[in-house]
Amino acid sequence: MRVLVTGGAGYVGSHTVVALAEAGHTAVIADNFSNSSPAVLDRLERISGVSVECHEVELTDAEATERLFHAEPIDAVIHCAGLKAVGESVSAPREYYRNNLVSTLTVADAMEKNGVRRLVFSSSATVYGAAHSSPLGEDSWPLESSNPYGQTKVIIERMLSDIAAANPGWKVALLRYFNPVGAHASGLIGEDPRGVPNNLMPFVAQVAVGRRDRLTVHGDDYDTVDGTGERDYIHVVDLAAGHVAALDHLDSMTADVRAFNLGTGASTSVLQLLRAFERASGRTVPYVVGPRREGDLAVAYADPSRARTELGWMAARSLEEMCADTWRWQSANPSGMSSRLDS
Ligand code: UFG
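Residues numbered from 1 in each chain as written. Predicted model: local features only at pLDDT ≥ 70, side-chain atom pairs only at ≥ 80, totals over all residues. Heavy atoms only, no water.

### With respect to the nonpolar core
Where we set the bar: Take the buried residues of types Ala, Val, Leu, Ile, Met, Phe, Trp, Tyr and Cys, join any two whose side-chain atoms come within 4.5 Å, and each joined set is a nonpolar core. Relative accessibility decides the category of a residue: with a 1.4 Å probe and only protein chains considered, values under 20% of the type maximum give buried, values over 50% give exposed, and everything between is partly exposed. Contacts are residue-level and defined by heavy atoms, with any inter-residue pair within 4.5 Å sufficient.
With 44 residues, the main nonpolar core has Leu-20, Leu-44, Val-120, Leu-175, Leu-262 and Trp-313 as its most contacted residues. For Leu-262, the residues in contact, after removing those within four places along its chain, are Leu-175, Arg-176, Tyr-177, Phe-178, Ile-234, Leu-239, Gly-242, His-243, Ala-307 and Trp-313. One finds Ala-30, Val-107, Ile-156 and Val-172 within the second-largest nonpolar core, a separate group that totals 28 residues.

### Regarding the pattern of salt bridges
Rules: Should a side-chain nitrogen of Lys or Arg be within 4 Å of a carboxyl oxygen of Asp or Glu, the pair is scored as a salt bridge. What counts as a helix is a DSSP run of H or I of at least four residues, what counts as a strand is a run of E of at least two, and both are numbered from the N terminus.
In total, this model carries 15 salt bridges according to the counting rule given. Asp-221 is the partner of Arg-292 in a salt bridge, and the nearest nitrogen-oxygen pair spans 2.9 Å. In this pair, Arg-292 is assigned in the loop between β13 (287-290) and β14 (299-300) and Asp-221 in the loop between β8 (215-218) and β9 (230-231), connecting sequence segments 71 residues apart. The shortest N-O distance in the salt bridge between Glu-310 and Arg-258 comes to 2.7 Å.

### Examining the sheet that holds strand β2 (residues 26-31)
Basically, it comes down to this: Strands qualify as paired when DSSP identifies two bridges or more between them. To obtain each axis, a line is fitted to C-alpha atoms, and for helices this fit is confined to the stretch in contact; angles are then taken between N-to-C directions over 0 to 180 degrees.
Overall, parallel pairing links the seven strands, which are arranged β3-β2-β1-β4-β5-β6-β11 in an open sheet. Edge positions in the sheet fall to β3 (53-56) and β11 (257-262), since each of these pairs with one other strand and no more. The mean inter-strand angle of the sheet, taken between neighbouring strand axes irrespective of direction, is 20°. For strand β1 (residues 2-6) and strand β4 (residues 76-79), the ladder comprises four bridges, and the chain directions are parallel. Bridge assignment links Val-5 to a residue of β4, and that residue is Ile-78. Here helix α8 (residues 236-249) sits on the sheet in contact with β1, β4, β5 (118-124), β6 (171-177) and β11, set at roughly 160° to β6.

### A few points about the site of the ligand
Keep this limit in mind: Any residue with a non-hydrogen atom lying within 4 Å of a molecule or strand is treated as near it. Within 3.5 Å is the distance limit for a polar contact, defined as a pair of N or O atoms, with the added protein rule that one can donate a hydrogen and the other accept it, and that residues adjacent in sequence qualify only through two side-chain atoms. In this description, accessible areas are obtained by the Shrake-Rupley approach with a 1.4 Å probe, and a residue is regarded as covered only by the protein chains that are shown. Three classes are used: nonpolar for Ala, Val, Leu, Ile, Met, Phe, Trp, Tyr, Cys and Pro, charged for Asp, Glu, Lys and Arg, and polar for all others, with Gly counted as polar.
Neighbouring the ligand are 18 residues; Asn-199, Thr-216, Arg-231, Arg-293 and Asp-296 lie closest to it. With respect to the ligand, the side chain of Asn-179 contributes an N or O atom lying 3.0 Å from an oxygen atom. Here an oxygen atom of the ligand and a backbone polar atom of Asn-198 are 3.5 Å apart. Surface burial for the ligand is 88%, taken as the share of its 680 Å² of free accessible area covered by protein chains. Sort the elements by how many residues they give to the shell around the ligand and β8 lands first, with four residues. Each residue belonging to the shell around the ligand can be placed in one class, and the counts come to seven nonpolar, eight polar and three charged.

### Details of unusual backbone geometry
Of note, the amide linkage connecting Ser-134 to Pro-135 takes the cis form, showing an omega dihedral of 0°. If you trace the backbone, Pro-135 turns up in the loop between β5 and α6 (148-166). Cis geometry marks the peptide bond from Trp-141 to Pro-142, where omega comes out at 0°. Here Pro-142 lies in the loop between β5 and α6.

### Remarks on the packing of aromatic side chains
We count it as follows: Classification of ring pairs rests on two measures: the distance between centres of Phe, Tyr or Trp rings, Trp counted by its six-membered ring, which must be within 6.5 Å, and the angle between planes, read as stacked under 30 degrees, edge-to-face over 60 and tilted in between. When the NZ atom of lysine or the CZ atom of arginine is within 6 Å of a ring's centre and also within 35 degrees of its normal, the charge is said to sit over that ring.
Considering all chains together, one arrives at two aromatic pairs under this definition. Just above the ring of Tyr-222 sits the side chain of Arg-292; from NZ or CZ to the centre is 4.0 Å.

### Overview of the environment of Leu-273
Structurally, Leu-273 is set in helix α9 (residues 270-281). On the basis of relative accessibility, which here comes to 0%, the residue Leu-273 falls in the buried class. The spatial distance from the C-alpha of Leu-273 to the C-alpha of Met-322 is 9.7 Å, given a sequence separation of 49 residues. Leaving out residues up to four positions away in the same chain, Leu-273 has contacts with Leu-200, Met-201, Val-204, Tyr-233, Thr-268, Leu-319 and Cys-323.

### Notes on a negative patch on the surface
How we decide: The residues that make up patches have over 30% relative accessible area and no salt bridge, and they are joined within 9 Å when like-charged or within 5 Å when they are Val, Leu, Ile, Met, Phe, Trp or Tyr. Residues scored as charged are limited to Lys and Arg (positive) and Asp and Glu (negative), so that His and the chain ends carry no count. Here the site of a charge means atom NZ of a Lys, CZ of an Arg, CG of an Asp or CD of a Glu.
Taken together, Glu-56, Glu-58, Asp-61 and Glu-63 make up a surface patch of like negative charges. Within the secondary structure, Glu-56 is located in strand β3. Judged by its relative accessible area of 62%, Glu-56 is exposed.

### Concerning helix α3 (residues 62-71)
All of the buried residues in α3 are Ala-64, Thr-65, Glu-66, Leu-68 and Phe-69. At its buried positions, α3 is contacted by β1, β2, β3, β4 and α5 (93-113). Between the side-chain oxygen of the N-cap and the backbone nitrogen of Glu-63 there are 3.1 Å, and the N-cap of α3 in question is Asp-61.

### Details of the packing of helix α1 (residues 11-22) against helix α2 (residues 39-48)
The line we're drawing: Put simply, angles under 35 degrees are roughly parallel, angles over 145 are roughly antiparallel, angles from 65 to 115 are roughly perpendicular, and the rest are oblique. Working rule for handedness: look at the near helix, and if it is turned counterclockwise from the far one by less than a right angle, call the crossing left-handed; if clockwise, right-handed.
It is at 10 Å that the axes of α1 and α2 come closest, and there the two elements cross at 30°. Here α1 lies roughly parallel to α2, going by the angle between them. For the pair α1 and α2, the crossing hand works out as right-handed. Counted together, Ser-14, Val-17, Val-18 and Ala-21 of α1 and Val-40, Leu-44, Ile-47 and Ser-48 of α2 form the full contact between these two elements. By residue class, the composition of the contact of α1 with α2 is six nonpolar, two polar and no charged.

Next up, the structure:
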């Protein structure tokens, strides 16, 4: 299939482009590079041996999006584009609602006008909010996130369900990511956050490589294995394979819309991850314990059984591989995607 990957230059999108190529699909990237770099294109070509077509486009612009669909024969869309920083969404909710909701509607309009009805959407475990306990199953109800970013995911899931119900032929997979970490084994692509990382793994990696002095652990008085927060970390290469499995499953899906957790089902504390990273990198990662971060849950991990049964997909990579691959990427690219590549 020819698959439009919105946000295809970003962290999850770029790994998904690699997975699509490996599975024999052709990816076409649409990205506005607001939180990614065109340098990824050269790296994708090195990994997969083919040049990936890329369109710089603002998906909130209906005409530009429509032009993209006219320029390209497209069989399916994997919609990864969107703003994703929880803290930023609290201070800039209008930007988050406008960008994430309008771009999704614009893409959906262009899809319907051009007869494209297969969609895989990047959702998030944040849709489960604080009301449900782990392991989190897809049928948890109601969905309600604690922050505007997460709320855009809740609303978009609902929007896409309504769109699929009203327009015959649509098939939509809603992929609820847990905590994506790691990098491609080549060390050529990985997570490249702008500014101070919000998330644990890129922060730990930047401390290990010397870009930051120490990690602040957000609270060690939770009711968990060692007092620090527990999450379900999933290797981004496994996550990318989950997108391909969902894409390949769409045509045989009985429901118009189906949500799938993409997680491992295992739970790892902040200190367990930190120690695993120290072992993988051979570096010490200094840390201090600070107060709890507002809005954080003690524990969140997936019940991944639906994806296993229905998509035939399950995460295969260990915490050790997540740390080793993150370290390979970080140490080879201390300044992220703008680091110079040896030829
Ligand atoms: N943490 C620290 N110090 C840091 C950063 C994080 O101790 O500097 C801790 C957090 O308190 C938490 C754990 O590390 O216990 C994981 O935090 P992340 O910020 O890496 O991830 P979250 O689980 O908070 O959020 C992630 C994504 C969200 C998504 C959510 C879904 O960032 O986009 O998972 O569950 F919504």
